[in-house]
Amino acid sequence: MNGLKEPNLIYRKPPGSEPPPKMIPHFPPSRSFGRGVDGQNSTEIFFVLLGLSQYPRAQTAFFCLLLLSYTITLLGNGLILLLICYDRRLHTPMYFFLSNLSFLDVCYTTASVPQMLVNCLVSVPVVSLGQCLAQMVVGLYMGVVECLLLAAMAYDRCVAIVDPLRYPVRMGPRLCSLLAGTSWTAAFLLTVVPVLTMPLEFCGRQVINHFSCELLALLKLACSDLQFYESLMVGTSALTLLAPFAFIVASYGMILVAVLRMRSTEGHGKAFSTCGSHLTVVVLFYGSAIAMYVMPQDKIIRDRDKIISISYGVLTPMMNPLIYSLRNKDMKGALRRLLRRKADV
């Protein structure tokens, strides 16, 4: 009209006609900006550990069970360490490895359970990238150490039953220290070094559907190309899980053959009593760890994965002192001697 353009009309809905907004839980941003030491802008990444925060009642029950299991783990494994250090009758290769396992279980659970307890008390559990990586590395390292220690304990039981006459010579202090030291050192080289060299990059809001910073849960949030490191992780899992497990199976195969050759029923009962505790722990730990790290995984973390991680990360360390103390006459005798001496004092 007369060369004039009509203005752009924007239609606006009258107030009150729009539907109410959906209530979306507020999660803090994954990146918060601040000033670094040099005065420049720095970026810090945070993760939200979902856990059971969507189910408040279940989270309260989970907190109570987790606190109970952690208390039993500390008291039980601490008691085993005290008895082995106190009683000279327990200064044998079997209890040397058991003391390593008890110390490991205390460190293993302490690396993650206290943070999980704190997360149950807040509405939105948040952890920084540094804390998450530290928890992941320590937990992974301790898990691999336990795999190797259980294999060393299986070798000790195999020598004790298959070749009992030469057992004190073959399982001397030097070999025991070498096996334990190799377990701690090899686990560091197989887990900590590869993870620290992994180029992890994250983008967007980071919500981990887990109770703690598990390796698989964290890798599924990474934006960087990790194909090489995922293949390396598969090879490392085979080396740290399947190889020790195969060695344990072979050791118990030799033990079974040696037991079947025994003619006395008393020998059968003694052999099964010394191996029963270790075999129970192996089934509990390796069964859940293989299901978590060796079986094919989905692209997302499911509730099944969280339950499995609780099995080998919380329940197994709690069960170890119960299994070894309730089924072991030597441990019961050492406890009675300790209580008798304290009563006399």
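This text follows the structure it describes.
Residues numbered from 1 in each chain as written. Predicted model: local features only at pLDDT ≥ 70, side-chain atom pairs only at ≥ 80, totals over all residues. Heavy atoms only, no water.

Here we come to the overall build of the protein. Helix and strand content of the protein: 11 helices and 4 strands. Here the protein holds 345 residues, and 43% of them are scored as buried. In the protein, 77% of the contacts between residues at least 6 apart in sequence involve partners at least 24 apart. (Helix = DSSP H or I, 4+ residues; strand = E, 2+ residues; numbered from the N terminus. Buried < 20%, exposed > 50% of the residue type's maximum accessible area, 1.4 Å probe, protein only. Contact = heavy atoms within 4.5 Å.)

Moving on, we get to the pattern of salt bridges. Think of it this way: side chains of opposite charge can pair up when their charged atoms draw near. This model, assessed by the stated rule, comprises 4 salt bridges. For D87, the salt bridge identified is with R337, shortest N-O distance 2.7 Å. Placement of D87 in the loop between α1 (56–86) and α2 (93–110) and of R337 in helix α11 (residues 329–344) is noted, with a sequence separation of 250 residues between them. With relative accessibility at 6%, the residue D87 sits in the buried group. (Salt bridge = Lys/Arg side-chain N within 4 Å of Asp/Glu carboxyl O.)

Scanning the model with the defined rule gives 1 disulfide in all. The cysteine C64 is free of any disulfide, with C120 supplying the nearest cysteine sulfur at 9.3 Å. Of the cysteine sulfurs around C158, a residue in no disulfide, the closest is that of C275, at 8.8 Å. Relative accessible area serves as the criterion here: at 6%, C158 is assigned to the buried category. (Disulfide = S-S within 2.5 Å.)

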